[in-house]
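Coordinate inspection notes
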Amino acid sequence: MNICMVGVGYVGLVTGACFAEFGINVVCVDKVQEKIDMLKRGKVPIYEPGLEEMVAKNAREGRLSFTTDLEEGIKNSLVIFIAVGTPQGNDGAADLKYVEQVAKSIGQTMTDYKVVVTKSTVPVGTGQKVAEIIRANQETPLDFDVVSNPEFLREGSAIEDFMRPNRVVVGTSSERAQAVMRDLYAPLYLIETPFVLTNVETAEMIKYASNAFLATKISFINEMANICEKVGADVNLVAKGMGLDRRIGSKFLHAGPGYGGSCFPKDTEAIAHIAKDHDYRFRIVEAVIEVNRDQRRRMADKIAQALGGDLQGKVVACLGLTFKPNTDDMRESPSLAILPAVMRRGAEVRAYDPAGMAEAMEKMAGLVACDNSYHAAEGADCLVLMTEWNQFRNLDWARLKQVMRGKVVVDLRNVYAPEKVRQAGFTYISVGRP
Ligand code: UDX
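Residues numbered from 1 in each chain as written. Predicted model: local features only at pLDDT ≥ 70, side-chain atom pairs only at ≥ 80, totals over all residues.

1. Overview of the overall build of the protein chain
Helices and strands together make up the secondary structure of the protein chain, namely 18 helices and 14 strands. Computed over C-alpha atoms, the radius of gyration of the protein chain comes to 24 Å, within 12% of the 22 Å expected from 2.2 N^0.38 for 434 residues, which places it in the range of a compact globule. Along the first, second and third principal axes, the C-alpha set of the protein chain runs to 75 × 50 × 40 Å. Out of the 434 residues in the protein chain, the part that is buried amounts to 46%. Considering only intrachain contacts with a sequence separation of at least 6, the fraction spanning at least 24 residues in the protein chain is 71%. (Helix = DSSP H or I, 4+ residues; strand = E, 2+ residues; numbered from the N terminus. Rg over C-alpha atoms; globule rule 2.2 N^0.38 Å. Buried ≥ 20, exposed ≤ 12 C-beta atoms within 10 Å, placed from the backbone. Contact = placed C-beta atoms within 7 Å.)

2. Considerations on the UniProt feature "active site" (unreviewed entry) in the protein chain
UniProt's entry tags Cys263 with the feature "active site" (unreviewed entry), counted in the numbering of this structure. Examined against the element boundaries, cysteine 263 turns out to sit in the loop between α11 (235–243) and α12 (264–277). (UniProt positions renumbered as here; feature names shortened; annotations may be inferred.)

3. Notes on the confidence of the model for the protein chain
Summarising the model, the protein chain shows a mean pLDDT of 96, and 100% of its residues fall at 70 or more. Among the prediction metrics, the complex's ipTM stands at 0.95, with pTM recorded as 0.95. (pLDDT = per-residue confidence, 0-100.)

4. Digging into the environment of arginine 135
Structurally, arginine 135 can be placed in helix α6 (residues 126–137). Taking the number of C-beta atoms within 10 Å as the measure of exposure, arginine 135 has 13 and is therefore partly exposed.

5. Notes on the packing of helix α10 (residues 200–231) against α11
Remark: α10 packs on α11, axes separated minimally by 9 Å, with the N-to-C direction vectors making an angle of 130°. By the criterion of interaxial angle, the relationship of α10 to α11 is oblique. When the axes of α10 and α11 are compared, the crossing they make is right-handed. Within the contact between the two elements, α10 uses Ile221, Met224, Ala225 and Cys228 and α11 uses Val235, Val238 and Ala239. A class-by-class count of the residues in the contact of α10 with α11 yields seven nonpolar, no polar and no charged. (Axes fitted to C-alpha atoms, helices over the stretch in contact; angles between N-to-C directions. Parallel < 35°, antiparallel > 145°, perpendicular 65-115°, else oblique. Left-handed = near helix turned anticlockwise from the far one by under 90°. Nonpolar A, V, L, I, M, F, W, Y, C, P; charged D, E, K, R; others polar.)

6. Here's the deal with the site of the ligand
Taken together, 19 residues form the shell around the ligand, and within it Glu155, His254, Tyr259, Gly261 and Cys263 come nearest. By residue number, the principal contributor to the shell around the ligand is α10, which donates three residues. Here the residues of the shell around the ligand are counted per class, giving 10 nonpolar, five polar and four charged. Of the domains in this structure, domain 1 (2–198) and domain 2 (208–289) are the two that each give at least three residues to the shell around the ligand. (Near = placed C-beta within 6 Å. Domains from an automatic or database assignment.)

7. Things to note about the domain arrangement of the protein chain
Domains assigned within the protein chain are domain 1 (2–198), domain 2 (208–289) and domain 3 (291–429). For domain 1 versus domain 3, the distance between C-alpha centres works out to 38 Å. With four residues of domain 1 at the interface, the matching set in domain 3 holds seven residues. Partitioned by chemical class, the residues of the side of domain 1 that touches domain 3 number two nonpolar, one polar and one charged.

8. Here we look at the UniProt feature "domain: UDP-glucose/GDP-mannose dehydrogenase C-terminal" (unreviewed entry) in the protein chain
This chain's UniProt record puts "domain: UDP-glucose/GDP-mannose dehydrogenase C-terminal" (unreviewed entry) on residues 317–418. Note that residues 317–418 is 29% helix and 18% strand, and that its end C-alpha atoms are spaced 19 Å apart.

9. Some details on the sheet that holds strand β14 (residues 427–429)
Within the open sheet, the six strands sit side by side as β11-β10-β9-β12-β13-β14. Their pairing is parallel. With one partner strand each, in any of the chains shown, β11 (368–369) and β14 form the two edges of the open sheet. Judged from the four bridges that link them, strand β9 (residues 315–319) and strand β12 (residues 382–385) form a sheet pairing that is parallel. Looking at the pairing, leucine 319 lines up with leucine 385 of β12. Against the sheet, helix α13 (residues 283–306) contacts β9, β12, β13 (408–411) and β14, and its axis sits at roughly 165° relative to β13. (Pairing = 2+ DSSP bridges.)

What follows is the structure, given as structure tokens:
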């Protein structure tokens, strides 16, 4: 089977490489020539463990190729995945112009039956719209089906998530398309992955519902942390105690500076917007978004309070900048809101991140780039843990004490044992722990 993956962003590239790994011929198409050139040279434009090796191997073995020629890709493939970006428009709604462009090309170019699959997270009803655009652009009517097949990949473990997913969601009302999708995912049937087969609209909704619910868990525990701080309770243990109830589950109950990344902020805004478009206010999700915004403000306050309330002339060392570990992705990272606020109040920020340095420097004026944790800590009044990269989990406290000017640690991810840091001679402040 030949498939065409349109858009070699994060989702498109991971999905394309993984299908090639399944033995399917995949041609990846993108209109950005530099990206395609880079991939042809075996270089992957994003940071994802295992991806570069997988891309190189499948390219070498002839199952994975890259081109800017969309028509070529469409003509030679039975299945066309649309994995292009759906940026957030000014009003919070997803901007579908790229999806629509691809649909138009498919209509104009196709000469036989196609299965057109949306991978991009799109508003409910986009599947129908894609079908209409394809139909409107065909010279002579040709058969095709539209499928919604949302992705649930986490950055940093995307390959594992693709190869061993909790579930695969396939939305289509066509049996023919369903059979094609089953062939595509045959290796996952073998390992007994649950498949949710439904219509296009429901599949589209499952994606939003999942992300909005996960974001809700995070905002919930962050508010819990804020209350814990006031009453002297420990949010880590509250989360543990709650999470052991199987109806709740222990995942995504980690208090911190709020969620970031390319999905949660965008998808929560989008579903709130979709609801509004249908004259419904999704009040829970609206609150989730507001709490997340407030949490960032609170973290800047926390850092200021840790230093006595006044940041003028203070030096703050920040470990980690990306929205989570094991990615170079800075999109919607809490650091982008917290650090500029700290700098506005008069502090100098010295920062180190294992992968996000370059982009962070572009996005935050005034940040001092450092080479490692201890370099960042030099002369600092306070050390802030922003992103819980593994390499920050075992810091040499004695060494830090020597290089720092002050002795304050603000742990925004609750990764350190309070007693241990305090024993090392620091004032230790975390999120929602006494
Ligand atoms: C997410 C979804 O998990 C994935 O299913 C979807 O397809 C895309 O969006 P991703 O954005 O890669 O994946 O990151 P994820 O690991 O889910 O974390 C999102 C954010 O939430 C991060 O900023 C993380 O730090 C934060 N988070 C997560 C918390 O603050 N607390 C938690 O308990 C969990």
